[in-house]
Amino acid sequence: MPIDGQNAQRTISSEGFQTSDGTLYVSKPFKSKSSKKLRALITFAPRHSTFDINNEKSVANEFRGFFSLFWISIFIFTVRTYVRSIETNGHALNLAFATMFSKDAITLALSDAVLVGSTSICVVFAKAISAGWIRYYWTGLAMQHIFQTTVLIMAVGWTFNRQWPWVQSGFFTLHSLVMIMKMHSYMTVNGYLQWVSEQSQAILDQLREATNSEGGWDHAVRVAKEHRAALDAASAIGSSHSSGTSPMGTPPIPDGVQASYVDPDTAKALRKRLASMSDANGVVDADTKNVVDSLNDPNTYKKTDEHIPSATTPHPLIDHPDENISNLAKDYSELQGELVSTGPLYIVWPNNITFKNFAVYMLIPTLVYELEYPRTNRIRPIYVFEKTVATFGTFVLLYTVTESFILPYTPTYDQSFFRSLLDLALPFMMAYLLLFYIIFECICNAFAELSCFADRQFYEDWWNSTSQAEFSRKWNKPVHSFLLRHVYASTMTSHKLSKQSAMFVTFLLSACIHELVMVVVTKKFRFYLFALQLIQIPLIALNSVPFIKRSKLLGNLMFWVGLYAGFPLLCVAYVAY
């Protein structure tokens, strides 16, 4: 049915679903004005990682053969390295590096276990928040930041106390930062939902008071239902098909796509149905007409909504003719909707605050907490075994590159600066690619499989980046999502910063964290990496110049040259100077 003017203004974006005969676009309503502390929209959906052999898109990619070529070339290169080392030194590897990074391994493992175990205090904190013992804004928020800062200081101090080599120090510091980010997201989201719950209850009290002047609650509900029936009848009589113009507030529909306009509540149900029908790549195995026709099937909605909590359905007083009552009901419904997950389990806050829920969240390879994530039906042991073997196999290659081509060329202050860059550029790039594959393709996918986490998009095609901004968005999706929600969007909503100021704050925080890791690893205060991180801001502006922006090849060349030069430059700077 067509949307009326009031509802049309609530639909400002659309979601596309690929069907067998095209793409079906369903409009999405924006957030309520009553929610003052909006979070950035971070969506999770069933997706495969790019290099996963189960990814149908990657299998069909015309460059898929280069993936096999890369690993075959790396294998031949490694065997050649071993043969030359045996001929020269009498052994393939001297294992000196292994001796170094295995130092104090038991203490490191115990320290890491204590670190992970300490995160369980978040559940106690969240329970205290939900019970009303602590108000999150602002007492709980202050307690949260004090706790997180304490954990960071203790972790960094412990690395210096143990005098670990750079590998152990770097690992423990990075893992501490990961745990802090996960704790921050968990406590922030649950604290925010406590605020939403309080606001929701306050609006409900206002709504009850407003209905008293309309003959009471039950009478107001009956009036609203009668008004809704009258509007539906008038809409059915006066409805007519438009000739290619979109309703006010909806995005333009692509050429060749047939439009079918429905009210927001129906669109919401349709999106849920489409999401349940889509595969891991978001493709619906049905044609558009059959899906749209299912809107008129009452059994569809009976099956779809029978397990959905009432908090996710609009309040009946939304249709009340009194504008004040209607607006209060809308705000109440939208706030209540934030307290319920998107399905299929429809978890209602605070029922999510359990040690089991937190343990699963800690296992899931994401830094952004949600009430519910897309899940797989089962754990595939063969898949876990495949990723485990790939992890150790790739680590052997990484170890070989590090011991054979990086450590022997460790620069000193009396060596040629440019010769050091030349010697280390290719080995560092190989080490980076191998480390990236281990973390984001092997380890993240293995933990995702063990936790039945269905969204495996831990990275995108960062190798095609044409700017540093695009690279920062694509190469590490978990960290990018965290910064987007809890730093960039948070500073704009809480501190009323502009987009440019919020971006600067995000880069500044990122630069400080990166420099902290380098201080722990090198035991030096140099701020080289800090400066390089902040230099990205003017580089982003440079990449927006029309001449560079139009030439994607030039942008990609600049990106790769910068990446190639960055790693050895940092190594020479921190080690030799």
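Residues numbered from 1 in each chain as written. Predicted model: local features only at pLDDT ≥ 70, side-chain atom pairs only at ≥ 80, totals over all residues. Heavy atoms only, no water.

## Side note on the overall build of the protein
Stage number 1. Of regular secondary structure, the protein possesses 22 helices and two strands.
Stage number 2. For the protein, with 577 residues in total, the buried portion stands at 42%.
Stage number 3. Of the contacts made within the protein by residues no fewer than 6 positions apart, 73% connect residues no fewer than 24 positions apart.
Stage number 4. In the structure as shown, the protein presents an accessible area of about 30800 Å², 63% of it carried by carbon and sulfur atoms. (Helix = DSSP H or I, 4+ residues; strand = E, 2+ residues; numbered from the N terminus. Buried < 20%, exposed > 50% of the residue type's maximum accessible area, 1.4 Å probe, protein only. Contact = heavy atoms within 4.5 Å. Areas by Shrake-Rupley, 256 points an atom, 1.4 Å probe, with all protein chains shown as cover.)

## Points about unusual backbone geometry
Stage number 1. With an omega dihedral of 15°, the bond running from Tyr137 to Trp138 counts as a cis peptide bond.
Stage number 2. Here Trp138 shows up in helix H7 (residues 136-162).
Stage number 3. Unusually for a residue other than glycine, Gln163 sits at a positive phi of about 55°.
Stage number 4. If you trace the backbone, Gln163 turns up in the loop between H7 and helix H8 (166-212).
Stage number 5. A relative accessible area of 61% means that Gln163 is categorised as exposed.
Stage number 6. At Cys452, a position not held by glycine, the phi torsion is positive, near 60°.

## Some points on the packing of helix H3 (residues 64-89) against helix H16 (residues 417-450)
Stage number 1. Relative orientation of the contacting elements H3 and H16 amounts to 120°, with a least axis distance of 13 Å. With respect to H16, the element H3 is oriented oblique. The handedness of the crossing between H3 and H16 is left-handed. Residues Phe67, Phe70, Trp71, Ile74 and Phe77 of H3 lie in contact with H16, whose contacting residues are Met430, Leu433, Leu434 and Tyr437.
Stage number 2. Tallied by class, residues from the contact of H3 with H16 come to nine nonpolar, no polar and no charged. (Axes fitted to C-alpha atoms, helices over the stretch in contact; angles between N-to-C directions. Parallel < 35°, antiparallel > 145°, perpendicular 65-115°, else oblique. Left-handed = near helix turned anticlockwise from the far one by under 90°. Nonpolar A, V, L, I, M, F, W, Y, C, P; charged D, E, K, R; others polar.)

## Concerning a nonpolar patch on the surface
Stage number 1. Together, Leu532, Ile535, Leu539, Leu542, Val545, Phe547, Met558 and Leu569 make up an exposed nonpolar region whose accessible area comes to about 620 Å².
Stage number 2. The set of elements that each furnish at least two residues to the nonpolar patch consists of helix H20 (528-543) and helix H22 (552-576). (Patch = residues over 30% accessible without salt bridge, like charges linked within 9 Å, V, L, I, M, F, W, Y side chains within 5 Å. Salt bridge = Lys/Arg side-chain N within 4 Å of Asp/Glu carboxyl O.)

## A word on the nonpolar core
Stage number 1. Judged by nonpolar contacts, the single largest core of 63 residues is most densely connected at Tyr186 and Leu317.
Stage number 2. With 15 residues, H8 is the single largest residue contributor to this core.
Stage number 3. Leu317 has contacts with Leu207, Thr211, Trp217, Ala220, Val221, Ala224, Ile325, Ser326 and Ala329, leaving out every residue within four places of it along the chain.
Stage number 4. Grouped together as the second largest cluster of nonpolar side chains are 18 residues, Trp71, Leu398, Leu421 and Met430 included. (Core = buried A, V, L, I, M, F, W, Y, C linked by side-chain atoms within 4.5 Å.)

## Some details on the confidence of the model for the protein
Stage number 1. Overall, the predicted model of the protein reaches an average pLDDT of 82, with 80% of residues at or above 70.
Stage number 2. Residue range residues 240-263 is modelled with pLDDT below 50. Its contacts to residues more than four positions away, or to other chains, number 34 contacts.
Stage number 3. For residues 294-307, every residue scores under 50 in pLDDT, and the model assigns this stretch 13 contacts once sequence neighbours within four places are set aside. (pLDDT = per-residue confidence, 0-100.)

## A short note on H3
Stage number 1. Relative to the 38 Å expected for 26 residues at 1.5 Å per residue, H3 spans 38 Å between its end C-alpha atoms, a close match to the ideal helical length.
Stage number 2. Buried within H3 are the following residues: Trp71, Ile74, Thr78, Thr81 and Ser85.
Stage number 3. On its buried side, H3 packs onto helix H15 (381-406) and H16.
Stage number 4. Where H3 terminates, the next one or two residues include Gly90, which has phi positive at roughly 90°. (Expected span 1.5 Å × (residues − 1).)

## Regarding the environment of Pro314
Stage number 1. Mapped onto the secondary structure, Pro314 falls in the loop between helix H12 (298-305) and helix H13 (323-338).
Stage number 2. Separated by 20 residues in sequence, Pro314 and Glu334 have C-alpha atoms that sit 7.8 Å apart.

## Section: the packing of aromatic side chains
Stage number 1. Considering all chains together, one arrives at 46 aromatic pairs under this definition.
Stage number 2. For the ring pair Phe101 and Tyr399, a centre distance of 6.1 Å and an interplane angle of 75° mean the geometry is edge-to-face. Note that Phe101 is positioned in helix H4 (residues 96-101) and Tyr399 in helix H15, a separation of 298 residues in sequence.
Stage number 3. The exposure class of Phe101 is partly exposed, given its relative accessible area of 24%.
Stage number 4. With centroids separated by 5.7 Å and ring planes inclined at 75°, the aromatic side chains of Tyr432 and Trp462 adopt a geometry described as edge-to-face. Placement of Tyr432 in helix H16 and of Trp462 in the loop between H16 and helix H17 (468-474) is noted, with a sequence separation of 30 residues between them.
Stage number 5. A residue is classified by how much of its surface remains accessible, and Tyr432, at 11% relative accessible area, is buried.
Stage number 6. When the ring centre of Tyr361 is taken as origin, the NZ or CZ atom of Lys182, which lies over that ring, is 4.3 Å away.
Stage number 7. Looking at Arg208, its charged tip hangs above the ring of Trp217, at a distance of 4.5 Å from the centre. (Phe/Tyr/Trp six-rings, centres within 6.5 Å; stacked < 30°, edge-to-face > 60°. Lys NZ or Arg CZ within 6 Å of the ring centre and 35° of its normal.)

## Brief notes about the pattern of salt bridges
Where charged atoms of side chains with opposite charge meet at close range, the side chains can pair.
Stage number 1. Taken as a whole and judged by the stated rule, the model has 14 salt bridges.
Stage number 2. Here Glu449 ties to Arg456 by a salt bridge, and the two come within 3.0 Å at their closest N and O atoms. Each member of the pair Glu449 and Arg456 is classed as buried.
Stage number 3. The partner of Lys477 in a salt bridge is Glu460, and the shortest N-O contact between them spans 2.8 Å. Taken together, the residues span a long stretch of sequence, with Lys477 in helix H18 (residues 477-494) and Glu460 in the loop between H16 and H17 at a distance of 17 residues.
Stage number 4. Given a relative accessible area of 25%, Glu460 falls into the partly exposed group.
Stage number 5. The structure contains a network of salt bridges with shared partners spanning Arg228, Asp232 and Asp319.

## Here's the deal with helix H6 (residues 121-130)
Residue pairs three or four apart in sequence face the same way in an α-helix, which turns once every 3.6 residues.
Stage number 1. Along H6, the residues that are buried comprise Cys122, Val123, Phe125, Ala126, Ala128 and Ile129.
Stage number 2. Lining the buried residues of H6 we find H7, H8 and helix H14 (355-363).
Stage number 3. Just past H6, the residue Gly132 takes up positive phi, approximately 85°.

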